[in-house]
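The chain contents come next:
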Amino acid sequence: MSTSKSPFTKEQLLPQEEMIEVAPKKGKLFIGIPKETSYQEKRVCLTPDAVAALTAHGHRVLLETNAGIGASFTDRDYSEAGAEITNDRTKVFGCPIILKVEPPSLEELEHVNPQTVLISALQLKTQSKEYFQALAKKRITALGFEFIRDADGAYPAVRALSEIAGTAAVLIASELMSSATTSQGSGLMMGNISGVPPVEVVILGAGTVGEFAARSAIGLGANVKVFDNSITKLRCIQTNVGRPLFTSTIQPKNLLKALRRCDVVIGAVRGKNRAPVIITENMVECMKAGAVAIDVSIDMGGCFETSEVTSHDHPTFIKHGVLHYCVPNIPSRYARTSSLSISNIFTPYLLQIGDEGGIENAVRFDRGLKNGLYFYHGILTSKPIADWFDLSYRDINLLIL
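Identification of the protein chain as alanine dehydrogenase from Aquimarina aggregata is taken from an unreviewed UniProt entry. What the UniProt record of the protein chain gives under Sequence similarities (unreviewed entry) is the line "Belongs to the AlaDH/PNT family."

Below, the structure written as structure tokens:
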């Protein structure tokens, strides 16, 4: 009797039942929103309208009392929308899903239960190695909302906050130039007044911040000059603004000429690890007395050599006769608008996570959401973080199939 040459057994060659994947059941989320304790942070992740949308889908939201007060949302607003309000901070951090604007501190992480899902900003430059070790110890699954991508490959949270920062930079500059608000103000009005030469505004960087700063300045009647080393970005800003602009690559001669004449300069240049220093101290010395310099890139080190970090309480200082504004968290100045913008991004993702039956299934099928995942059940899945802090990591695609 001849022996079989097949690598399969007789049982394996028999017809088998087809195994069909069972569709995930919709999950009921229990979301905790603690009050922000970071310095001068007034934003909140979800507005009452967003809470109403979530509770209408059967999800629970537990809110720490006065969590939305900085953005002018009262506990009553949230309670009427269906949220549960509590004074117990530990109870909020005990929820299966925690939603925050700023990343939780090490003290706050002590109250977090193991296997919790944390959705917040990451702010890599402000973190320590101990922070990630604490996440690993608690086996936390963590999403950084600034790394979440949409279908177009863009970062919706970063863009939304950049739009606010760009618009705010021009409004702040207009306020600082007023003679009434500050004694150092030049007394110029950023408006197209008949017979009066318009204010000159120089913008460094043609990204989202630069684009919305240009839109706002043009809308107020200012002359705008945009500098960036990317011809593609300069071309895009002309198209998006919908009118011809003075655009130039960052050449010292052209830039210095524009700085000598300008009344406002807005720095909105980002770098990979640090914002490049484009305006030197000598350039600042050449600017007009009473000119305003707003460094939106200060959270990445600043693109002015004369920049120093300031706060919302004491936002300005004068150096070489130029009024500097270097507050890192500009969107928090407009807490309600920022909260509405962040909430618009969070709500669809939370509803999607609920419909998919949990974070694991949602991340499995949504590549943009997966891009925001930097910790999965206590395993670091972000190579940049691993390289930055000398930690071991695993590819998320090997953990979620």
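On to the sheet that holds strand E1 (residues 30-33), then. Spatially, E3-E2-E1-E4-E5-E6-E14-E15 is the arrangement adopted by the eight strands of the open sheet, whose pairing is mixed. Each of the sheet's edge strands pairs with one partner strand only, and the pair in question is strand E3 (84-86) and strand E15 (379-380). Here strand E4 (residues 97-99) runs beside strand E5 (residues 117-120); their pairing, made up of three bridges, is parallel. For Leu99, the partnering residue across the bridge sits in E5 and is Ile119. The sheet contacts of helix H6 (residues 129-137) involve E5 and strand E14 (373-376), and relative to E14 the element is tilted by about 50°.

It is worth spelling out the pattern of salt bridges at this point. Taken as a whole and assessed by the stated rule, the structure comprises 14 salt bridges. A salt bridge links Glu84 to Arg60, with the nearest nitrogen and oxygen atoms 2.9 Å apart. In this pair, Glu84 sits in strand E3 while Arg60 sits in strand E2 (residues 60-64), placing the two residues 24 residues apart along the sequence. For Glu84, a relative accessible area of 31% translates into the label partly exposed. The shortest N-O distance in the salt bridge between Arg89 and Glu108 comes to 2.4 Å. Of this pair, Arg89 sits in helix H4 (residues 89-93) while Glu108 sits in helix H5 (residues 106-109), and the two are 19 residues apart along the sequence. Several salt bridges converge on common partners, so that one network encompasses Glu41, Arg43 and Glu102.

Applying the stated criterion across every chain, the model contains eight aromatic pairs. Here the aromatic rings of Tyr131 and Phe132 are separated by 5.4 Å at their centres, their planes lie at 85°, and the arrangement is edge-to-face. You can call Phe132 buried: its relative accessible area is 1%. Summarising the aromatic geometry, the rings of Phe132 and Phe389 are spaced 5.1 Å apart at their centres and angled 50° between planes, so their arrangement reads as tilted. With Phe132 in helix H6 and Phe389 in helix H15 (residues 383-389), this pair connects stretches of sequence that are 257 residues apart. What links up through ring pairs into an aromatic cluster is the set Tyr131, Phe132, Tyr374, Phe375 and Phe389. Positioned above the aromatic ring of Phe30, the side-chain terminus of Arg60 is 3.9 Å from the ring centre. In this structure, Arg215 is placed above the aromatic ring of Phe212, and the distance from its NZ or CZ to the ring centre is 5.2 Å.

Thresholds applied
- Residues numbered from 1 in each chain as written.
- Predicted model: local features only at pLDDT ≥ 70, side-chain atom pairs only at ≥ 80, totals over all residues.
- Heavy atoms only, no water.
- UniProt positions renumbered as here; feature names shortened; annotations may be inferred.
- Pairing = 2+ DSSP bridges.
- Helix = DSSP H or I, 4+ residues; strand = E, 2+ residues; numbered from the N terminus.
- Contact = heavy atoms within 4.5 Å.
- Axes fitted to C-alpha atoms, helices over the stretch in contact; angles between N-to-C directions.
- Salt bridge = Lys/Arg side-chain N within 4 Å of Asp/Glu carboxyl O.
- Buried < 20%, exposed > 50% of the residue type's maximum accessible area, 1.4 Å probe, protein only.
- Phe/Tyr/Trp six-rings, centres within 6.5 Å; stacked < 30°, edge-to-face > 60°.
- Lys NZ or Arg CZ within 6 Å of the ring centre and 35° of its normal.

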